[in-house]
Amino acid sequence: MRGLNLDHLRTFAQVIELGSFSAAADRGGVTQPAVSLQIRQLERRFGLKLVERVGRRAGPTAAGLELLTHIRVIDAALAQAEQAMSAHASQVSGRIRLGTGATACTYLLPPILAQLRRRFPALDIVASTGNTADMLRGLENNTLDMGLVTLPAPGRMMQVTPVLEDEFVAIFPARDVAAIPALVTPQALAPWPLVLFEPGARTRRLVDDWFEAAGIAAKPVMELGSTEAMKEIVAAGLGCAILPRLAVSGAGQRDALVLRSLTPRLSRELAIVMRRDKPVSRGLRHLQDALLALRS
């Protein structure tokens, strides 16, 4: 297509359709010499004679006739391209890659994503899970468009917008309610068999820091990557765990578990993270707005 003028192709097609340079000029709102110039430039581009006169009517040569078939294909492709671009301009569509933690993906995002799907059926949001460091690397490499992660999220190239504070709670088996300490401090939890997040997770670091601030080193009997597994272990009476309240509220609530706030209070902050130079599509903007609504 390099050096090929689409207007020249359309002019050629009109000359053949109407059988006349002057008729093509009238339809195009140009002069006949302008039409003749375009046809000469097109013939010079291919190095072929494309139009011949048969009597008083302009008709295609063999090369011109074959070119005409390709022009029809080009016109159809252009019409499809215009239709596709019009769809992008008039509706929210495309693919968004969202990175987040397993807890947020399981207990926070489903109703948000379901609502967006109902509103914008052509918008495809693909969520992947991992720890904050993984998500930040994905954003840096542009393999993710947006992250919903636990702070801090360092990096000068990142735009960070806090949206939700999520308190940590201790969960105990309901069968042992009489043994649950009245005040859930690091000292009170130390004798209990502890079930904690696996090392490397930002949430585990926050819990370890909470114990260390009281001069206690947490010694878990189990280290797991699944909040559901942790809840099952505790419900079976095998210990207690510290989880974000998000994981044990609403759809994550269990009758077999008892929740207690921590003293001193411990919480994490979830934030939207994007590259500062990331172009914000309409779909990305709607996802951002839906997550920002968590602040209200």
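Look up: the structure comes first, before these words.
Residues numbered from 1 in each chain as written. Predicted model: local features only at pLDDT ≥ 70, side-chain atom pairs only at ≥ 80, totals over all residues. Heavy atoms only, no water.

1. Focus on unusual backbone geometry
Put simply, the rule reads: Runs of H or I in DSSP of at least four residues are treated as helices and runs of E of at least two as strands, each being numbered from the N terminus.
Cis peptide bonds are those with omega within 30 degrees of zero, and the linkage from Leu 151 to Pro 152 qualifies with 10°. Note on placement: Pro 152 falls in the loop between β5 (146–150) and β6 (158–173). Along the chain, Thr 263 connects to Pro 264 via a cis peptide bond; the corresponding omega equals 0°. Mapping Pro 264 onto the fold places it in the loop between β10 (257–261) and β11 (267–275). With a phi close to 60°, Asn 142 is a non-glycine residue in the positive phi region. Secondary-structure assignment places Asn 142 in the loop between α7 (132–140) and β5.

2. A short note on the packing of aromatic side chains
Our working definition: Here a Phe, Tyr or Trp ring, Trp counted by its six-membered ring, pairs with any other such ring whose centre lies within 6.5 Å, and the pair is stacked when the planes are under 30 degrees apart, edge-to-face when over 60, and tilted otherwise. Note on classification: 1.4 Å probe, protein chains only; a residue is buried when its accessible area is under 20% of the maximum for its type, exposed when over 50%, partly exposed between these limits.
For the structure on display, the rule yields 2 aromatic pairs. A ring pair is formed by Phe 172 and Trp 192, whose centres lie 4.9 Å apart and whose planes are at 70°; its orientation type is edge-to-face. Separated by 20 residues along the polypeptide, Phe 172 in strand β6 and Trp 192 in the loop between α8 (186–189) and β7 (194–197) bring together distant segments of the chain. For Phe 172, a relative accessible area of 0% puts it in the buried group.

3. Topic: the nonpolar core
This is how it is decided: By nonpolar core we mean a set of buried residues, namely Ala, Val, Leu, Ile, Met, Phe, Trp, Tyr and Cys, connected to one another through side-chain atoms within 4.5 Å. Residue contacts are counted whenever heavy atoms from the two residues lie within 4.5 Å of one another.
With 25 residues, the main nonpolar core has Leu 116, Ile 125, Met 146, Leu 148, Ile 272, Leu 287 and Leu 291 as its most contacted residues. Breaking this core down by element, the ones donating at least two residues are β3 (94–100), α5 (102–107), α6 (109–119), β4 (123–129), β5, β11 and α11 (282–292). Non-local contacts of Ile 125, meaning those with residues more than four positions away in its chain, are made with Ile 96, Leu 98, Leu 113, Leu 116 and Leu 287. Core analysis: the second largest hydrophobic core is formed by 19 residues, Leu 189, Leu 194, Leu 196 and Val 258 among them.

4. Here we look at the packing of helix α2 (residues 21–28) against helix α3 (residues 32–46)
Quick reminder of the rule: Here, axes are lines fitted to C-alpha atoms. For helices the fit covers the stretch in contact, and angles between N-to-C directions go from 0 to 180 degrees. Every angle not falling under 35 degrees, over 145, or within 65 to 115 is termed oblique; those three ranges are roughly parallel, roughly antiparallel and roughly perpendicular. Three classes are used: nonpolar for Ala, Val, Leu, Ile, Met, Phe, Trp, Tyr, Cys and Pro, charged for Asp, Glu, Lys and Arg, and polar for all others, with Gly counted as polar.
Direction vectors running N to C along α2 and α3 enclose 105°, while the axes themselves pass 8 Å from each other. Taken together, the axis directions place α2 and α3 in an arrangement best described as roughly perpendicular. The residues of α3 that touch α2, namely those facing Phe 21, Ser 22, Ala 24 and Ala 25, are Gln 32, Val 35, Ser 36 and Ile 39. Each residue belonging to the contact of α2 with α3 can be placed in one class, and the counts come to 5 nonpolar, 3 polar and no charged.

5. Details of the pairing of β5
For clarity, the threshold we go by: Two strands qualify as a pair provided DSSP detects at least 2 bridges between them.
Of all 5 residues in β5, 5 are buried, a share of seventy percent or more. Burial along β5 is two-sided: the face carrying Met 146, Leu 148 and Thr 150 and the face carrying Gly 147 and Val 149 are both buried. Alignment of β3 against β5, held across 3 bridges, turns out to be parallel. Bridge pairing in β5 places Thr 100 opposite Leu 148. In this structure, β5 lies alongside β11, joined through 4 bridges in antiparallel fashion.

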